[in-house]
Amino acid sequence: MVDGGVVKADKTEFTECWRTSWKTPYIMRLALSAGIGGLLFGYDTGVISGALLYIKDDFPEVNRKTWLQETIVSMAVAGAIIGAAIGGWMNDKFGRKKSILGADIVFFVGAIVMAVAPAPWVIIIGRILVGLGVGMASMTSPLYISEASPARIRGALVSTNGLLITGGQFLSYLINLAFTKTKGTWRWMLGVAGVPAVIQFVLMLSLPESPRWLYRENKIAEATAILEKIYSPEEVQVELKMLEDSVAAEKAEMGENGGTWNRVKEALSNKIVRRGLYAGITVQVAQQFVGINTVMYYSPTIVQFAGFASNKTALALSLVTSGLNAVGSIVSMACVDRFGRRRLMIVSMFGIIICLVVLSVLFFQVSAHSPMIDKVDSVGFGGNTTCPAYLTAPNPAKWNCMSCLKAEDCGFCASGGNAYGAGACLSSLDMVKGACKAQHRVWFTQGCPTKFGIFAVLLLGLYIICYSPGMGTVPWIVNSEIYPLRYRGVGGGMAAVSNWVSNLIVSETFLTLTEHLGSAGTFLLFAAFSLTGLVFIFFLVPETKGLPFEEVEKMLDKGYRPTLCCGGQSDKPEEKANAV
């Protein structure tokens, strides 16, 4: 027995997944083809962080307005909220395969719109379309993979979706770097996203529908034929019997023609589904409020906060975080069926909290040791080049680099002799920026020169190492396992919507938070959110490792109680009666 009373499946380690897939390559082809949806998800998450740097260069109004930058980033998330909701309905109505094909078409159109955008508002429209596709794929791909996978290796195979998400993020940073010197920079960065959508569309045309959805639609012969490619003859009969029982229970409970809204109401009135939603929504919200997408969407900007002014340098250093994220997904594939979903998330959250607190302290030190402003140097460029706010400040002698950058439309020209010495506070104009660089000095608008910069990058890397194997991939696995078959589309859709709503809140407010709280205060706030998430995960999320879907349903029916060893399940009748 393992935590939570879950029976350990035979050989549920990553090596078993590799052996099974080697013997039955059809399984891996299903997982990889559907998992390209994760690649789309990851690429869209990562590419905007680098593209935004160059969009600001092409459109001055974007550079001046923080809210416009946040909107360009977060409108993809707003689209994903709608896409996830639509995806839940499409999954149940049309099946998993058609939902993935629809997501590919929408994503491709959005990528082309962004690539040819003549103005910021057109970029925003393209971002919304891309978000629709990502939202549909975010819940459909892991669901499709889980329903086409043997239970003993299901977690490792669903992790391929997580691996491709992080792989897509890493690929986006590489492509960003590749196009930094190319005419059109950000247009190529955003337009290339359409390529994997086309590849997945072509591959999915040759793949079957989910056997579980087919059985629900009374296409038993088709479902059986697919299961025979996945399981041994003996296992096929067992799986068919489980499907038969589950579908019969569904029809008895809901009838043959339950509409979408009726299904939602039925789901919320069902205690098993409610308990599943408590767990599924908890992990999805916690995944976002640890602040991960502030790192993925704004990683180069955060690196610039840490004192690296060059766009290209910021992109190159951001490869550290995206690369470690991909490595962490591989670790998750190896560990998720060995150590369990719940334990990985709890350990991950402890590491995340520690990293965020240390990052907060580090950015406080960066701010406290910011270079001072040299008055003579600030007026030495002549004309109207000096920052107006500095000239009218009541006590300019106390101004440092951070004071200068907080002023409206001002930048810091670092000292020519000592990179960390006093510099000039100047108006943030292209002409002034050019004059600063003409003296072989570095121009700063996001962060200040600091000796602590490299430590901030290393801590971001450690944060990703803690996040990726646990909170990065496991929430999607939990949500592919935690709901009864008859409510899986609805439950997965509701949880995915909660993920994207949380993502929208975080991505739409990050730059504003850094303006008002500073980088140190913002990371400390995310540490507090993470601690709250850890408490909720401990009390609400059971272990689903190695369990067939029907056993998960039985476990939720009994009720769940945590224990100090990261697990727990209530089997007592009186506790079952009192469980929410």
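Please refer to the structure placed before this passage.
Summarised in this report is the structure supplied together with it. Here the structure is a predicted model, which means the values were calculated and not measured. (Residues numbered from 1 in each chain as written. Predicted model: local features only at pLDDT ≥ 70, side-chain atom pairs only at ≥ 80, totals over all residues. Heavy atoms only, no water.)

**Quick word on the packing of aromatic side chains**
Move 1: For the coordinates displayed, the defined rule picks out nine aromatic pairs.
Move 2: Taking 5.7 Å as the distance between ring centres and 15° as the angle between the ring planes, the aromatic pair formed by phenylalanine 179 and tryptophan 188 counts as stacked.
Move 3: By relative accessible area, which is 18% here, phenylalanine 179 ends up buried.
Move 4: Here phenylalanine 363 and phenylalanine 523 contribute two aromatic rings whose centre-to-centre distance is 5.4 Å and whose plane-to-plane angle is 20°, an arrangement assigned as stacked. With phenylalanine 363 in helix α17 (residues 341-368) and phenylalanine 523 in helix α24 (residues 488-540), this residue pair connects regions lying 160 residues apart in the sequence. The residues phenylalanine 363 and phenylalanine 523 share a single accessibility class, namely buried. (Phe/Tyr/Trp six-rings, centres within 6.5 Å; stacked < 30°, edge-to-face > 60°. Buried < 20%, exposed > 50% of the residue type's maximum accessible area, 1.4 Å probe, protein only. Helix = DSSP H or I, 4+ residues; strand = E, 2+ residues; numbered from the N terminus.)

**Here we look at the nonpolar core**
Move 1: In terms of nonpolar packing, the biggest core is built from 55 residues, with Ile352, Tyr463, Met471 and Ile537 touching the most fellow members.
Move 2: Those residues in contact with tyrosine 463 that lie beyond four places of it in its chain are Val290, Gly291, Ile292, Val295, Ile352, Cys355 and Leu356.
Move 3: Listed in part, the 44 residues of the second largest apolar core include Phe41, Ala80, Ile124 and Leu190. (Core = buried A, V, L, I, M, F, W, Y, C linked by side-chain atoms within 4.5 Å. Contact = heavy atoms within 4.5 Å.)

**Some points on the side chain of asparagine 270**
Move 1: Inspection of the secondary structure assignment puts asparagine 270 in the loop between α13 (260-269) and α14 (271-289).
Move 2: You can call asparagine 270 buried: its relative accessible area is 12%.
Move 3: At 2.8 Å, the side chain of asparagine 270 and the backbone nitrogen of isoleucine 272 are in polar contact. (Polar contact = N/O pair within 3.5 Å; in protein donor to acceptor, adjacent residues only side chain to side chain.)

**Quick notes on the packing of helix α4 (residues 66-94) against α24**
Move 1: Interhelical geometry of α4 versus α24 gives an angle of 175° and a closest axis separation of 8 Å. The orientation of α4 with respect to α24, classified from their angle, is roughly antiparallel.
Move 2: Residue classes in the contact of α4 with α24 are distributed as 16 nonpolar, eleven polar and four charged. (Axes fitted to C-alpha atoms, helices over the stretch in contact; angles between N-to-C directions. Parallel < 35°, antiparallel > 145°, perpendicular 65-115°, else oblique. Nonpolar A, V, L, I, M, F, W, Y, C, P; charged D, E, K, R; others polar.)

**Focus: the pattern of salt bridges**
Move 1: Considering all chains together, one arrives at three salt bridges under this definition.
Move 2: Between arginine 127 and aspartate 44 there is a salt bridge, and its shortest N-O distance comes to 2.8 Å. In this pair, arginine 127 sits in helix α6 (residues 120-147) while aspartate 44 sits in helix α2 (residues 25-58), placing the two residues 83 residues apart along the sequence.
Move 3: Residue arginine 127 is classed as buried on the basis of its relative accessible area of 0%.
Move 4: Here aspartate 44 falls in the buried class, since its relative accessible area comes to 5%.
Move 5: In this structure, glutamate 481 engages arginine 341 in a salt bridge whose closest nitrogen and oxygen atoms are separated by 2.5 Å. (Salt bridge = Lys/Arg side-chain N within 4 Å of Asp/Glu carboxyl O.)

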